Amino acid sequence: MDQFHLFPPQASTSAQEVDHLYFTLILISLFFITVVFLPILYFCIKYRRGSAADRSNPLNGSNLIEVGWTTLPTLMGLALFGWGAVDYFRIERKPANALQVQVVGKQWMWKVQHAEGKQEINELHIPVDRTIALTLTSQDVIHSFFVPAFRVKQDVVPGKYTSEWFKPTRPGEYHIFCSQYCGTQHAKMIGRVVVMQPEAYARWLQTGEQTESIVRSGERLFYDRGCSGCHSPNSKFHAPLLQGLYRKPVPLADGTMVTADDQYLRDSILQPAKQISAGYDNIMPSFSGHLTEEEIMQLIAYVKSIGREESPDQGKP
Amino acid sequence: MNARVATEIDIRTEGEFARESYLSEHTVRSWLLTTDHKRIGILYLFTILIFFAIASVAAAMMRIELLHPTGGLMTSETYNKLFTIHGTLMVWFFLIPSIPAVLGNFVLPMMIGARDVAFPKLNLTSWYLFVFGGAFATWSLIRGGVDTGWTFYTPYSTTYANSHVISMAAGVFIAGFSTIITGMNFIVTTHKMRAPGLTWFRLPLFVWSLYATSLIMVLATPVLAMTLGLISLERIWGVGIFDPNLGGDPILFQHMFWFYSHPAVYIMILPGMGVVSELIPCFSRKPIFGYPWVGCASMAIAILGFLVWGHHMFVSSQSVYAGMIFSVLSFLVAVPSGVKVFNWTATLHKGSIHFTTPMLYALGFIGLFVIGGLTGLFLAALSVDVHVHDTYFIIAHFHYIMVGGMVTGFMGGLHYWWPKITGRLYPEIWGKLAALTTFLGFNLTFFPLFILGYLGQPRRYHVYPPEFQIFHVLSTAGASILGVGYVMPLIYFIWSAKHGRAAGPNPWRATGLEWQTSSPPPKHNFKETPVVTGKPYDYSAEKDVDLDLANL
Amino acid sequence: MEATASLNERTEPTQSLVARQFDDLEQQRGAAELGMWIFLATEVLFFGGLFLAYTVFRSLYPRDFAAASHHTIVLIGGMNTAILLFSSTLMALAVRAAELRNQTTLIRLLLATAFFGIVFMVLKGIEYYKDWTDHLVPVLNFDWHSPNPGPAQIFFWLYFAMTGLHAIHITVGIFVMLTLALMARTGKFTTGNYTPIEIAGLYWHFVDIVWIFLFPLLYLAGHR
Amino acid sequence: METTTHPPKTYWKTCGALMLLLALTWTIGYADLGLFNLILALVIAITKALLVALFFMHIKSSSRLLRLAATVGVIWLLIMLSLTLSDYFTRGWVPLNH
């Protein structure tokens, strides 16, 4: 019982937004509690059995009153919905220029890899005042990456990429919880976010054994696992070239279009038959089971890096 | 309700009551083969109490474990099994059958002046299915328990869980059919068997709420059955419809599960609202304010309740736009609940309020339900839900609705109809004491959890950061008081069933048809089918009656 | 509802057919009919879970579903549709025969309905056997010549789940028809209370309707 | 409750219409009409189901209550399908936050 708090620390930009709505909701609740509990209390005292209160001409209903107390809460609800929805939309949209961090959840730990290649487990070191974007996936069951101090939470679903972003505003250490029940040691799937001053963060990146960047690892895999054998200009197989592909629309064999986002790239590696690019044959083998989630993320980071030279955050070793 | 009953029932002697009462036969056979809705209600009462007891013990053990941040009393596996037992048994084997199958079965046919439900044999079948399902659930506990949580989320439940998921799912599956049969029976009974003159807008509001509940039971439960069936087959064969490695989709499970389970929480509150709508007018000696609005609000809740399930999935990777649709509908479903609360409050105005035990429970219901309902708005608001989803805030919210609402409503209803069920009065002073204890204990147990949830404490954690401890300690303290509040009625009810004062046909001087027959009622409820000529809750003739409860 | 009659006041000859909780035959029949329709609504949602899964996966994997559907046997599926539609017609006539208190016709039509149900099941069995020899049964012997067999396996899983659940309903229906035919020999349904025949008919028609949707969704999805 | 006897002619006509529709849907199944394959197949299936419900199950001459009971399950199925699909079809619509 060392630190007693009624509210969690407010350590990100969205924390403020969420708290504003939260406090407004508390005020609205207090309002409704007042308009319900005070009359109940008053009536209970005044009209208790045997009291001398005037009970003549009681009202047994009034459509005007009913319409009133139906409409008012409805309007209030719609306003609250709008407020919550606007904030939610901001929380759910991926930021374009952010520090990318890859997170893989598994029973029962968080495996984190920074763009620079540095890996950590159950810890996330990040600089203050920078937008951080997490790409999350799970190796087994559904987890949920929850940082109360940032007021953000996102389920981490096997088989797909979800994303979560935040912009920390205060250096310090905060809890990471897994909030989606994931099995026996669910309660132990916890960690900490360490928000650091930019200089401290830069120093931290240099500590420990030096690793290659995520893009570099991906590039190595691209050649080692034979991807380059087909996906290169001078290959004897007819396979799509990946340069400049990321975030571009791709026409598919069945006439539809998809955007080449992370999920598309992932599916193309693991379930190549699902979406065949127009003009190509269904010849690519599935790499399902042959790559770890981390390796897939590295490969995608590489494909992204050759797809978006203009982005300053990507591909910097 | 103004009902003329041809036979003078009040002049019969005690002995005559006993002879023709539905309780007069005593053989085991007469109970196990009964098709009398009143006896089936009592069979249900005993059965759900057993499950309530098991699930409560699980809750108590969890609360003790949570006294200390590092636990230490049990392994994480045991804890996970305990919250699964608590959740599954409380939801499917206590809350869902509580008011509908016990009180509903007992009073619904009497309230509409019928001799029985439309399908008495099916009614008995539903109880046997319930027991059979309960046996499966218990069997999975004896063999070592289930650790998936009551939500059975995939792919944990289908691929990774190392426990007896299938027998538990089978138990819930079977119990689901008992729910469907009950719902079907109530709908047909309400449509086809009302006494002459008893039009829809003369029905007691409890009947309205049971009708709305039955609608949910009938339309939602089959989807749960199919979902659980798919989970079980998935566990056996691993075809992969919920397994992303095989092309399946775990989110599809969540849609199917919540399509049932969100409406199901209205199964767990609507009947409670119905009971309160009976109690408030009776003990204010005044017709309910805005009768048609309260009745239609039940239907609105039942229908809108089907359109909001996605608010359990705001952070599940569901589409943002779908999230918005579900959010706005969730705000709308709060409105009819609010309308009910306002009407109950307005009913008190210029009433003559008797603070009997049922009335204390009814007032407690309003208080706790208002808090539970308002915190529901926090969860409907998208951005706030992202933060509080899967934390203790949710735990606190739904316990305010389900325990503060439904269990309080159940206790209120049980006290109210106890004289009708047994023909005896319970000791009023003890009743009031228990009601107050429950109310205080409940708030102490669950209010701190709102704060704890906003601080970020995730649910289903048996160990937690030390700064959360104070709230857990408060909660455990409250739970022990709450426990006392539930044990007291158990004792005095049992005592009063034998030694309580004879109640007479209508101790509350209430207007419902169920009070127009003797207590306990005769086998076929009424000597002669009553004819209804007026509006419900017409207390004008009995406005100044003094129920003289101090002597009871 | 002008039901004021008390228990002992019943005098009409049909009273022995009325259960104690009802006032008259009319009320009893109305209750049974409504109850059956509500039961059918629950059936719609019970099957609905599978239809939802089918819709979602078909929208996720349209190509795989079309390819997989190509391996179903349309001839059997289509013949079975015709058989069920025809047996439904016979069932409707059976209800009419009961209404007209025509005992012999009723028994014949019930038996004919059951007979076509059995034919349906036999054809279904042949089809399942063919599916087995073609290695289309998920888990047990599924063999799909594609690097990514998951979606096709899901299709066949749903195919077996949906047709299997439907077949269970047909089987129940056959037993119901046979039982009713047996009971009809005592003249039970031709003395005025033909409600059991009527609600059994509703059941049989419902099972028919389910198949009406299964046929295009499972068999015709890939045959262009 | 109605107790009118339905003439067998209605039943045989319905049966004929059903068989015709079956032949139609079967034929269309082999033509390549793109998305219209699915749409037509469903339209025909719904028509057939309606015929069975209206004439064999006597919904045409039933009380309002029974008609309501007959439609409510279908309406609820449509609720389940449409709201679930509203999730699946709108995923990935969210633009980047610049």
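Because the structure is a prediction, the values reported are computed rather than measured. (Residues numbered from 1 in each chain as written. Chains lettered and ligands numbered in written order. Predicted model: local features only at pLDDT ≥ 70, side-chain atom pairs only at ≥ 80, totals over all residues. Heavy atoms only, no water.)

Section: the side chain of A:Gln298
Residues and elements named next belong to chain A. By the element assignment, Gln298 lies in helix α7 (residues 293–305). At a separation of 3.1 Å, a polar atom in the side chain of Gln298 contacts the side chain of Gln113. Once residues within four sequence positions are removed from consideration, Gln298 is found in contact with Gln113, Gln119, Ile214, Ser217, Gly218 and Leu221. (Helix = DSSP H or I, 4+ residues; strand = E, 2+ residues; numbered from the N terminus. Polar contact = N/O pair within 3.5 Å; in protein donor to acceptor, adjacent residues only side chain to side chain. Contact = heavy atoms within 4.5 Å.)

Looking at the nonpolar core
Grouped together as the largest cluster of nonpolar side chains are 374 residues, with contacts concentrated most on A:Leu124, A:Phe145, A:Phe150, B:Trp92, B:Ile366 and B:Trp417. For this core, the element with the highest residue contribution is helix α4 (residues 76–111) of chain B, accounting for 21 residues. One finds A:Phe222, A:Leu242, A:Ala260 and A:Val303 within the second-largest nonpolar core, a separate group that totals 28 residues. (Core = buried A, V, L, I, M, F, W, Y, C linked by side-chain atoms within 4.5 Å. Buried < 20%, exposed > 50% of the residue type's maximum accessible area, 1.4 Å probe, protein only.)

Observations regarding the confidence of the model for chain B
The pLDDT averaged across chain B works out to 92; a share of 96% of its residues lies at or above 70. Contacts for the low-pLDDT stretch residues 1–12 of chain B, under 50 throughout, to residues beyond four places or in other chains number 36 contacts. (pLDDT = per-residue confidence, 0-100.)

Observations concerning the packing of helix α10 (residues 270–284) of chain B against helix α15 (residues 392–422) of chain B
Residues and elements named next belong to chain B. For the pair α10 and α15, the least separation of the axes is 8 Å and the interaxial angle reads 45°. Taken together, the axes of α10 and α15 lie oblique to each other. For the pair α10 and α15, the sense of crossing is left-handed. Touching Pro271, Gly272, Val275, Glu278, Leu279, Cys282 and Phe283 of α10 are Met406, Gly409, Gly412, Gly413, Tyr416 and Trp417, all from α15. Partitioning the contact of α10 with α15 into residue classes produces 8 nonpolar, 4 polar and 1 charged. (Axes fitted to C-alpha atoms, helices over the stretch in contact; angles between N-to-C directions. Parallel < 35°, antiparallel > 145°, perpendicular 65-115°, else oblique. Left-handed = near helix turned anticlockwise from the far one by under 90°. Nonpolar A, V, L, I, M, F, W, Y, C, P; charged D, E, K, R; others polar.)

Considering the sheet that holds strand β5 (residues 132–138) of chain A
Backbone-to-backbone hydrogen bonds join strands into a sheet, with any given pair of strands oriented parallel or antiparallel. All names here are of chain A. With mixed pairing, the 5 strands of this open sheet are ordered in space as β3-β2-β1-β5-β8. Only two strands of the sheet have a single partner each, and these edge strands are β3 (119–121) and β8 (162–166). Geometrically, the sheet is characterised by an average inter-axis angle of 25° between neighbouring strands, direction not taken into account. In this structure, strand β2 (residues 109–114) lies alongside β3, joined through 3 bridges in antiparallel fashion. Counted as the bridge partner of Lys111 is Ile121 from β3. (Pairing = 2+ DSSP bridges.)

A look at the interface of chain B and chain A
On the chain A side, the residues contacting the 87 residues of chain B number 88 residues. Buried area between chain B and chain A, summed over both chains or domains, comes out near 7,600 Å², and the portion from carbon and sulfur atoms is 70%. Among the residues chain B hides against chain A, the three largest losses belong to B:Phe342, B:Lys350 and B:Tyr454. Together they make up 10% of the total. Remark: the boundary between chain B and chain A carries 0 salt bridges. Taken together, the links from chain B to chain A amount to 23 residue pairs in polar contact (both at pLDDT 80 or more). Breaking the side of chain B that touches chain A down by element, the ones donating at least two residues are α4, α6 (156–160), α9 (250–267), α12 (320–348), α13 (357–380), α14 (382–388), α16 (428–455) and α17 (469–499) of chain B. Considering every element that reaches the side of chain B that touches chain A, the biggest residue donor is α12(B), with 15 residues. When grouped by side-chain class, the residues that make up the side of chain B that touches chain A number 52 nonpolar, 25 polar and 10 charged. (Buried area = accessible area lost by both parts, 1.4 Å probe. Salt bridge = Lys/Arg side-chain N within 4 Å of Asp/Glu carboxyl O.)

Brief notes about the sheet that holds strand β9 (residues 172–178) of chain A
Residue and element names in this part refer to chain A. Overall, mixed pairing links the 5 strands, which are arranged β4-β10-β9-β6-β7 in an open sheet. The sheet is open, and its two edges are formed by β4 (123–127) and β7 (152–156), each paired on a single side. Pairwise comparison of adjacent strand axes, ignoring direction, gives a mean angle of 20° for this sheet. Inspection of the sheet shows β4 paired to strand β10 (residues 191–196) by 5 bridges, in the parallel sense. Of the residues in β10, the one forming a bridge with Glu123 is Arg192.

A few points about the packing of α10(B) against α12(B)
Each packed pair of helices is defined by two parameters, the angle between the axes and the distance between the axes. All names here are of chain B. It is the contact of α10 with α12, at a shortest axis distance of 9 Å, that shows an interaxial angle of 15°. When the axes of α10 and α12 are compared, the pair comes out roughly parallel. Considering how the two elements wind past one another, α10 and α12 form a crossing that is left-handed. Residues Met273, Val276, Ser277, Ile280, Pro281 and Ser284 of α10 lie in contact with α12, whose contacting residues are Ser337, Lys340, Trp344, Thr347 and Leu348.

Observations regarding the pairing of β2(A)
Residue and element names in this part refer to chain A. Most of β2 is tucked away, with 5 of its 6 residues classed as buried. Relative to β2, strand β1 (residues 99–106) is paired through 6 bridges, and the arrangement is antiparallel. Bridged to Lys106 within β2 is Met109. The hairpin formed by β2 and β3 contains 4 residues between the paired strands, and Gly117 there has a positive phi angle of roughly 105°.

Overview of α9(B)
The periodicity of an α-helix, 3.6 residues per turn, causes residues three or four positions apart to be oriented the same way. Residue and element names in this part refer to chain B. Here α9 spans 26 Å end to end across 18 residues, near enough to the 26 Å set by a 1.5 Å rise per residue. In α9, a bend of some 35° at Trp258 exceeds every other bend along the element. Taking burial as the measure, the 18 residues of α9 include 18 buried ones, the bulk of the element. (Expected span 1.5 Å × (residues − 1). Bend = angle between axes of the 7 residues up to and from the residue.)

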